[in-house]
Structure formats: structure tokens, C-alpha cells
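Summary of the model geometry
The primary structure of each chain is shown beneath.
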Amino acid sequence: MLKPKVLTNVLSQANTGGVENTLLLNSEGALLAFSGFHDRDARITSAIASNVWTAYEKHGHNSFREDRLQFLVINCESGKVIVSQVANLLLCLYASKDAGLGMLKTKITKLKESLENPLREISA
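The chain appears in an unreviewed UniProt entry as Ragulator complex protein LAMTOR2 homolog from Clunio marinus. What UniProt states about the chain under its Sequence similarities (unreviewed entry) heading is, verbatim, "Belongs to the GAMAD family."

And the structure:
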């Protein structure tokens, strides 16, 4: 069983090097777990990230002839957002605008690796 405090601690490990928030959300955009510095925008970020991911899942496959979306990167005025799927949930990192994309991809990949099996067990 995955414990909420442990999950929050795992998510918080990514909050360095410009990463301000780490979120775990479902495909409808509901925030399931959060770790970060500014929680007032976490629900808005999760809703937007989920909507963009879902739109690609529904329509992007045909347009881009890709089998499966691995990462979604959104470059905003105030920062960067990277989203990836883990189990049947979405993992999202929100970072400052000067955070490196390579660093964000590495962080989200490592988080996915550590969360995949525990989240798959509870979502089955």
C-alpha cells in the first residue's frame, strides 16, 4: 500500500534546480498528490496539463502518427511544465522558466521509474 506521506516525500525530491511543484493527477485533472512551494496554482496547473494531455491522446495520434505520447512540454511565460504518464495517472513538474529541459526530462523519468510499480498495484 502506498502511504500518502511517503508519496509526498518522493514527489518533493524533484523540487530542486528550478522545479517549484511536483503534482500527481488523474486523467480528469483532479489533484491526487502535491509537493511544492506555491500550492495556490496547483489545481489550475493540473487541470490545464490534464486537458492538453487528453486532447493529444484523443486527436494527436492521427495527426502526428505516433503510438504513444511520452512527454508533454509546455513553455509558458512564467515557467515550464512537463507531463508524463505513470500507471494510469499523470505526473507533472512545474519549473521556473530558466530550468533546463534536459534536467526536467531526467527528473520526471526517474520519478516515473520509482512510482510506476506502486501506482500500478493500487490502480489495478
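There's plenty left to go through after this.
What follows concerns the overall build of the chain. From N to C terminus, the chain includes three helices and five strands. From first element to last, N terminus to C terminus, the chain shows the α and β order α-β-β-α-β-β-β-α. The globule rule puts the C-alpha radius of gyration for 124 residues at 14 Å, and the 14 Å found for the chain is close to it. In terms of overall dimensions, the chain has C-alpha extents of about 40 × 35 × 25 Å along its principal axes. Every one of the 124 residues in the chain was classed for burial, and the buried ones make up 40%. At a minimum sequence separation of 6, the contacts of the chain that also span at least 24 residues come to 45%. Accessible surface, the chain: about 7,400 Å² in total, of which carbon and sulfur atoms supply 52%. Distance from the positive charge centre (14 side chains) to the negative charge centre (12 side chains) of the chain: 3 Å.

As a further point, take the sheet that holds strand S5 (residues 89–95). Taken together, five strands build an open sheet; the order of strands is S2-S1-S5-S4-S3 and the sheet is antiparallel. Strands with a single pairing partner mark the edges of an open sheet, and in this sheet they are strand S2 (31–36) and strand S3 (72–75). Taken pair by pair, the neighbouring strands of this sheet meet at an average axis angle of 15°, ignoring direction. Sheet topology places strand S1 (residues 19–25) next to S2; five bridges connect them, and they run antiparallel. Opposite Leu-25, over in S2, you have Leu-31 as the bridge partner. Lying over the sheet, helix H1 (residues 4–12) contacts S1, S2 and S5, oriented at roughly 50° with respect to S2.

Take the packing of aromatic side chains next. If you walk through the whole model with that rule in mind, you get zero aromatic pairs. Residue placement shows Lys-112 over the ring face of Phe-71; its charged tip is 5.6 Å from the ring centre.

A few words on the pairing of S3. The pairing of S3 with strand S4 (residues 80–86) spans four bridges and is classified as antiparallel. Note that in S4 the partner of Val-73 across the bridge is Ile-82.

Conventions and cut-offs
- Residues numbered from 1 in each chain as written.
- Predicted model: local features only at pLDDT ≥ 70, side-chain atom pairs only at ≥ 80, totals over all residues.
- Heavy atoms only, no water.
- UniProt positions renumbered as here; feature names shortened; annotations may be inferred.
- Helix = DSSP H or I, 4+ residues; strand = E, 2+ residues; numbered from the N terminus.
- Rg over C-alpha atoms; globule rule 2.2 N^0.38 Å.
- Buried < 20%, exposed > 50% of the residue type's maximum accessible area, 1.4 Å probe, protein only.
- Contact = heavy atoms within 4.5 Å.
- Areas by Shrake-Rupley, 256 points an atom, 1.4 Å probe, with all protein chains shown as cover.
- Lys, Arg positive; Asp, Glu negative; His and termini not counted.
- Charge placed at Lys NZ, Arg CZ, Asp CG, Glu CD.
- Pairing = 2+ DSSP bridges.
- Axes fitted to C-alpha atoms, helices over the stretch in contact; angles between N-to-C directions.
- Phe/Tyr/Trp six-rings, centres within 6.5 Å; stacked < 30°, edge-to-face > 60°.
- Lys NZ or Arg CZ within 6 Å of the ring centre and 35° of its normal.

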